[in-house]
Structure formats: C-alpha cells, structure tokens
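# Chain and residue survey
Next come the chains, spelled out residue by residue.
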Amino acid sequence: MSLHSTNRARPRKPLQWIDVRNRRTGMWAFALNRVTGLGLVVYLFLHFVMLSQLFVGRAAWDSFVALARSPLVLAFDVVLFAGLIIHGLNGFRVALNGFGLGVRQQKAIFYGLMAVGAVLLAASTVLIFTI
Amino acid sequence: MPKLHVRVQRQRPDTQARYDHFDVEVPDDANVIDVIEACWRQDQNLMYRHACHHASCGTCAVRVDGKEVLPCIVPLAACKPGDMTIEPLRNFPVVGDLVVDVSAFFQRQAAAGMVITRDAEETIDGHPFEPSELLQPDGKLERRHYNRFENCVECGICLSACPTLSATDGFFGPAGLAAVHRAWEKTTDETERAALLDLADREGGVWQCHGAFECSEACPQDFDPAGAIMDLRRALIRRKVGALFGR
Amino acid sequence: MPAPHVVIVGAGSTGSACAHDLALRGLRVTVVERGEFSNATTGRNHCLLHSGGRYAVTDQESAIECIDENLILRKIMPDALELNDGLFVALTEEDLAFKIKFIAGCAACHIPYRELTPAQALAREPLLNPKLLAAVQVPDGVFEPWRFSMAFLASARSNGAVCRSYTEVVELVRHNGSVTGVKVLDRVTGKTETIGCDLVVNAAGPWAGEVAGFGGIEVPVQPTAGIMVTVGRRMNNMVVNRLDKPSDGDIVVPQRTTSIIGTTSWTVTDPDAIDIPPQHIQKMLEKGIELLPEIATVTTRGVGAAARPLIKRARQDERDVSRTFECFDHARDGGVEGFVSISGGKTTTARGMAEKLGDLVTRKLGLSVECRTRNTPLLSYRLFYQ
C-alpha cells in the first residue's frame, strides 16, 4: 500500500472558525460573523425566555421590565446591537459577494460597512441610554 | 551566518503532536526551505516534502509562524529574526512531521479536471500575442500560441487557510473549485461548460464557501481561488434566474 | 508461478521510469524512496526537455538520445509539457563562429533547426539582449520534474507497482553471493523490515555508490552539483541558450511564472551536504543578464542545488563527462547476482534508460517481454493518488 494513498481521516477543528491569528481582513470578517451569529442565536433564546414571563403574570413581567432598565442590562443591549449591526451589514457584503458582485473590493466594502456600523452604533448607544 | 532557534512540529499518525527544538546556522540569503534542511541534517527522521525549490512543484508547503507559505521562496530576511515555528498544513491528515496526506486533495483535483497547461494569451512583456511558428520534432513548422503551465501549483495552501474546510469534509475546496473555473473559462463547448457549472453547483461546491477570502490571500501564485468561486456563483445565478424565465 | 519481484531503490525520474517499464512488462515492482518522490536530483533539475541541441557539438551520443526521447515524450505525455522550442543565441563573434559547428552537429544528430535573424528572434523574445548577432531555433521544451516522475509512478501503480516514499534502504540482503532483498527503514513507523525480491535495481542517482556500498559493490558515480537560480518573473517564452559549448550560466529555462538560470558544475563528496557557494548565485545572475538584460530588474525567487549522478571516467573534467547513462550488471562487473545499477543520463532520457534497464533485467530473469513504454501514454500525475 502506498503511503500517500491511505486516505487517512482528516482532523476536524471547528475552533479554527474563530482563530484569526496570522489571518487577514476576510478572515476577521468571517470570524466576526460566526461569533455574532452564535451570540444572536443565544440572545434569541433568552428573548423567548423573557417573553414567556408574560404567561407567568403581571408581577413577573414588571420585575423583568425593571431589571431591563438597569444600566448593566442597557450596556448588554449595546453589545447586542453591535452584534446585530456587524452581522447584518457584513451579511449584506457576503450576500453581495455571493452574487459575484464587489468580489475584488470585498475588503473596502467591509471597512466601509463597518464604518457605517460604527456610526449607527454610536447613535443607538446614545438613544439606548437617553430614552 | 545567522543563528536560528527553530521549533518544528513532530508527529506520526498514531502519536500526539509535540515540538522539537533545533539550533541551526544558515547563510544570510537562505530561504526557509534551507532552514528545514538544516534541521533535517541534524535529525534524518524529520519528514518534510520538497522537490523543485522554486515554487513550481508545490510539494513543500508548510506553516511558518502560523502562516501558510512555500518555504522554498520565502527568504529568511522576510521572517522575524532569531526564532521560527514550522508546522504542517492544517486541514490535511498528517503522515509524519511536516508531511501531509494529499491523496484526497489530488483525487478532487483529478475530478475537477484542470488541464495543466494554458495558452499564453500575452507576451512576457504584456502585449497580446500572435501565434508563433514553432518547430515540430519532424522539422515542420506549426503556427500556434505558446503554452505554459498553469499558475496553480496545487500546493494545498488554500485548503489549509480555508476556515470552511476546518469543519467539513464535504467542501470541494478552493483549489478544486478554481480548477473547475479554469476549465470552464477555457472551453467554448456549451455542453462541457454546463457540466462544469453543474459540478460547481453540487453539494460541497461553490455555495459552501463562506467568503473568508483567506485562500486568495494565502495563495503563493496569486491564483485568486475566491474570485474564481464567486465568478462561478455569478454564472450559476445567471443560469438559475434565466431558467426561472424559461430561458 | 507469480511474476518475479523487483525492488527499485530511488524514485527520481530514472527509478520512476524503470518502475513503469518493468510494471508494464508484467513484473511485480516495489519502489522505495527515502524522501518525497523525486525530491533530489530530478526535483531540482533544470526542467529542460532537451532537443539535444545543447550536446550537438560536444556529446553527440547524448544529443541523439535526447532528440529521440523528446519525440517520444511528446507522444506519451500529452498536455504535461511546455512545448515552445528553444533558441540558441549568438552574442559575440566567437559564438557566431560556433554556429557553423552547431548547425553541422544538429544535422548529424537529426535535430530539426531553423536559423533566425536577430529581428526574427527579438519578435519572438522581446526581452532578449538586443545586441544578438544570430539565433537558431530547436525543438526544446520544458517539463515539471515532480509531475514528470509522478506520471511514471501513477502509470506504474496502475499496473500493480508498490511505491513507497520515506522508506530508506539501510542494507542489501545477500545470500550466497547474490542480492536477495533490501532491508528498509520506514520513517513513518520507525520500523525496519526486509523486502525480499528476485532482483534489486539501484537507481539512487548520486547516492548509487552509497547504496551499492551496502553490499560491498562499487559503482563509479561522481556526484556533481549544479545550481539553479530562479527569478521572480517569467522573462522568456522559449528556452534561451547561449550559442556556445555548454558552460556555466549559459541557459535560461522559462517555466510556469518564472525563469530559471543555470547552471554550474562542481564535484561534491556528500550529495546530502551541498552548500551553495554564494559566488555561484552571483555568476548565474551575471550570465543570465547577458542573455536577458531585464533579469537585472527582477528579484531572485529561489535557489536550489542538487547533485547529478555523472559516471566517472578517468582523466576528465566534470563538464566533459558524458551526459549519457550506463546500466551496470554487477554479476558481470563484480560477480554479484541479483543486483543492477543504472546511473548517469538525464530526465529527458529517463524512459529510454528504463527501456535499456528493462531489457537487462528481463534477460537476467530469463524472461522475454518486449518494452512497450514507447507507445503507451502515461497517466496524469494526479492519478497516482487514486
């Protein structure tokens, strides 16, 4: 049997999804999308748990609303919003590239969209803490 | 003669990876392949691949300080001085030390069917080409374009750099899809072009790429596999949309 | 009765072509190579598919071998060669004087040629030294050495040959004055094992002397190193040679995206320890610039050196040693049965070398099977991994 024809099993290492060491822009964008995607899924689950408080009764809901107005949770909201913005805008770039559009400009599009995202995030942070 | 402290990943199929340390001295103008060879001179059990030493065979690809490179064309001057870590490519099974099993990769390359030479469409100084009169071994002249080997050297670097491949076995991979793209670009036969698009459209084809663009960044030959994948996607979308409207 | 078993030591172009030849003749074949396939002499050769022009004046025996094999390889290796011809370029009056001998040599060795005016040559090769005086076109070509060997191995494997890399011969097994097998060290498992066989073929190139030495046998191989300097851009479409007898740095072979300048020649004692003299790199670049001045403006991409397995003959300078090959039957030369060596030659002539060796091996084993490699297309190198 030839050494090179053995078709050994290949190691699978999904953690490499978020390993950005020595990598470049495209990989950072890829990793950000995995992290924010996972974060948003977790949030969605928490969101349902919170909404289910409505079934428990008015008192439970009111105590949740009070908690939601605490500065710590508001800060969490900012993080959540950051994830949403990054994932959404970056997803737009991925979709665009997927249609074969802007492929050679993918880095510029990424930085451009992230700049837009930063402005949106700054504005929403102000709104979150002032409303 | 710069002195270098080298950490080399050592492994056999049935053992855990560990790092061995080598202190070597190589000439100022050495490339990283010379560093690996210097380590091998100290321990002939060290397994590594190499052949041409000018980035044409594509056998020697490894990771140097975490980055995929062809060590035969990376000068020491381009690396950080003093020490260096050398590891095998990711996403391949390890045969021994720096040697990875490339059989599954070449099976896919064979399936993709990229011809290994291409017509040179332009001269070496960039002007478009007239076919030239070339001598045949029977002494007759034949008018045709110059040909040359494809840019892709099938080194596997793009597969190692691809984050999608780190989690799935099904993905055809950047080099394979780029090969499909080259074949598709090259042929004018419509049936063949459709068959190649079908190949790219299959599960594990272009749609499994998540657009990290690391393949094109890491490619030592500027082959741009990611661009090729997105090109195929565009062609597929055009075909699918066309089909919706009965074209 | 099962077919005889032959072990081939070394999987460079010679060993690979021998494996294909013998497997096609129906023998059981095992090839052992101590590193990656064709990692040494073949891997780091000049990638030149010789038309024979290079030897048409100084070594006509080699020149004829080259043109014959060039013709055959074009048939059996379709799509795996760059076939853009070669130019021999005269830059000085001495070169111009050599042209007459060169053309006579080409005619004597049935190498097709065509004389070009400087203007015609420059139209084909815009980066050529504009001061050229004349040029002659010959059917040179370019191959890719690793893939060249892998194509032979892929074909051999499809005919049942076992090809093992990272398997190093550490001993020749002898029994009653015959070689009956090899003891090998498998670098993957770290274990040694004995592979028994009816005959051992020593195709270890510059290491042939060392391998034969395991059995106390002598092979007159003279490891002679040569350097290749590759530049960062392709400078020429065709192979560009200096129109003169072979000397240092007189040829620039284009390949893929690069051009390779070669070569020098110096005798080494240990082919495993070739240290490249820095002045050789400088010399290559200087000589390359004479042919293609723009080389001065590009970066050096890679530098490699490997030893050629030239056959030692008395009183010869290494440049004049014939580039032809020789099969050694050690039963005749040293009274040892079951062991033959093949050395010398060029990658271009690997198939022809294998044919001669196959004839010798089958004769020794008492078989009469014709060589069929001349007309059998080789498989793609990729199919080695099938």
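Residues numbered from 1 in each chain as written. Chains lettered and ligands numbered in written order. Predicted model: local features only at pLDDT ≥ 70, side-chain atom pairs only at ≥ 80, totals over all residues. Heavy atoms only, no water.

## Describing the overall build of chain A
Of the regular secondary structure elements, chain A holds 5 helices and 0 strands. Along its sequence from the N terminus, chain A presents helices and strands in the succession α-α-α-α-α. Scaling as 2.2 N^0.38, a compact globule of 131 residues should have a C-alpha radius of gyration of about 14 Å, whereas chain A reaches 21 Å, well beyond that. With respect to the three principal axes, the spread of C-alpha positions in chain A is 70 × 40 × 25 Å. Burial statistics for chain A: of 131 residues in total, 31% are counted as buried. As displayed, chain A offers around 8,200 Å² of accessible surface, 76% of which is attributable to carbon and sulfur atoms. (Helix = DSSP H or I, 4+ residues; strand = E, 2+ residues; numbered from the N terminus. Rg over C-alpha atoms; globule rule 2.2 N^0.38 Å. Buried < 20%, exposed > 50% of the residue type's maximum accessible area, 1.4 Å probe, protein only. Areas by Shrake-Rupley, 256 points an atom, 1.4 Å probe, with all protein chains shown as cover.)

## Here we look at the interface of chain A and chain B
Contacts between the two partners involve 31 residues from chain A and, on the opposite side, 41 residues from chain B. Buried surface at the junction of chain A and chain B, summed over both partners, amounts to about 3,100 Å²; 47% is from carbon and sulfur atoms. Our count for the contact surface shared by chain A and chain B stands at 6 salt bridges. With its nearest N and O atoms 3.1 Å apart, the salt bridge here joins Glu214(B) to Arg23(A). Linking chain A with chain B are 13 residue pairs in polar contact (both at pLDDT 80 or more), by the criterion used here. Listing elements by their share of the side of chain A that touches chain B, those giving two or more residues are helix 1 (25-51), helix 4 (71-98) and helix 5 (106-130) of chain A. Sort the elements by how many residues they give to the side of chain A that touches chain B and helix 1 of chain A lands first, with 4 residues. Of the residues belonging to the side of chain A that touches chain B, the class tally is 9 nonpolar, 11 polar and 11 charged. (Contact = heavy atoms within 4.5 Å. Buried area = accessible area lost by both parts, 1.4 Å probe. Salt bridge = Lys/Arg side-chain N within 4 Å of Asp/Glu carboxyl O. Polar contact = N/O pair within 3.5 Å; in protein donor to acceptor, adjacent residues only side chain to side chain. Nonpolar A, V, L, I, M, F, W, Y, C, P; charged D, E, K, R; others polar.)

## Quick word on the packing of helix 4 (residues 174-186) of chain B against helix 5 (residues 190-201) of chain B
Residues and elements named next belong to chain B. Where helix 4 meets helix 5, the closest approach of the two axes is 9 Å, and the angle between their N-to-C directions is 165°. Considered as vectors, helix 4 and helix 5 are oriented roughly antiparallel to each other. The way helix 4 lies across helix 5 gives a crossing that is left-handed. Seen from helix 4, the contacting residues are Leu 177, Val 180, Ala 183, Trp 184 and Glu 185; seen from helix 5, they are Arg 193, Leu 196, Leu 197, Leu 199 and Ala 200. Residues that form the contact of helix 4 with helix 5 fall into these classes: 8 nonpolar, no polar and 2 charged. (Axes fitted to C-alpha atoms, helices over the stretch in contact; angles between N-to-C directions. Parallel < 35°, antiparallel > 145°, perpendicular 65-115°, else oblique. Left-handed = near helix turned anticlockwise from the far one by under 90°.)

## Some remarks on the domain arrangement of chain B
Residue and element names in this part refer to chain B. Domain annotation of chain B identifies domain 1 (3-100) and domain 2 (103-115 + 150-244). Computed over C-alpha atoms only, the centres of domain 1 and domain 2 are separated by 28 Å. The interface is formed by 13 residues belonging to domain 1 together with 15 residues belonging to domain 2. Roughly 1,000 Å² of surface becomes buried between domain 1 and domain 2 when both sides are summed, with 58% attributable to carbon and sulfur atoms. Joining domain 1 to domain 2, the criterion identifies 0 salt bridges. Put simply, domain 1 and domain 2 have 5 residue pairs in polar contact (both at pLDDT 80 or more) between them. (Domains from an automatic or database assignment.)

## Points about the state of the cysteines
According to the stated counting rule, one finds 0 disulfides over all chains in the structure shown. Free cysteine Cys52(B): the closest other cysteine sulfur is in Cys57(B), separated by 3.7 Å. Here Cys327(C) is not disulfide-linked; the sulfur of Cys18(C) is the nearest cysteine sulfur, at 7.5 Å. (Disulfide = S-S within 2.5 Å.)

## Concerning the nonpolar core
Note that soluble globular proteins tend to have their nonpolar side chains buried in a common cluster. Among the nonpolar cores identified, the biggest contains 137 residues, and Leu70(B) and Ile8(C) are the most heavily contacted of them. Discounting chain neighbours no more than four positions away, the residues touching Ile8(C) are Gly15(C), Cys18(C), Ala19(C), Leu22(C), Val29(C), Thr30(C), Val31(C), Val32(C), Val201(C) and Ala203(C). By size, the runner-up hydrophobic cluster in this structure holds 34 residues, among which are Leu128(C), Ile227(C), Val268(C) and Ile295(C). (Core = buried A, V, L, I, M, F, W, Y, C linked by side-chain atoms within 4.5 Å.)

## Observations concerning the sheet that holds strand 3 (residues 62-64) of chain B
Residue and element names in this part refer to chain B. If you walk across this open sheet you meet the 5 strands as 2-1-5-3-4, and the pairing is mixed. If you trace the sheet from one side to the other, it starts and ends with strand 2 (18-25) and strand 4 (67-69), each paired once. Going from strand to strand, the sheet's axes swing by 30° on average, the running direction of each strand aside. The pairing of strand 3 with strand 5 (residues 83-87) spans 2 bridges and is antiparallel. By the bridge assignment for strand 5, Val 64 is matched with Ile 86. Sheet strands touched by helix 1 (residues 32-42): strand 1 (3-10), strand 2, strand 3 and strand 5. Its angle to strand 2, the strand with the most contacts, is close to 105°. (Pairing = 2+ DSSP bridges.)

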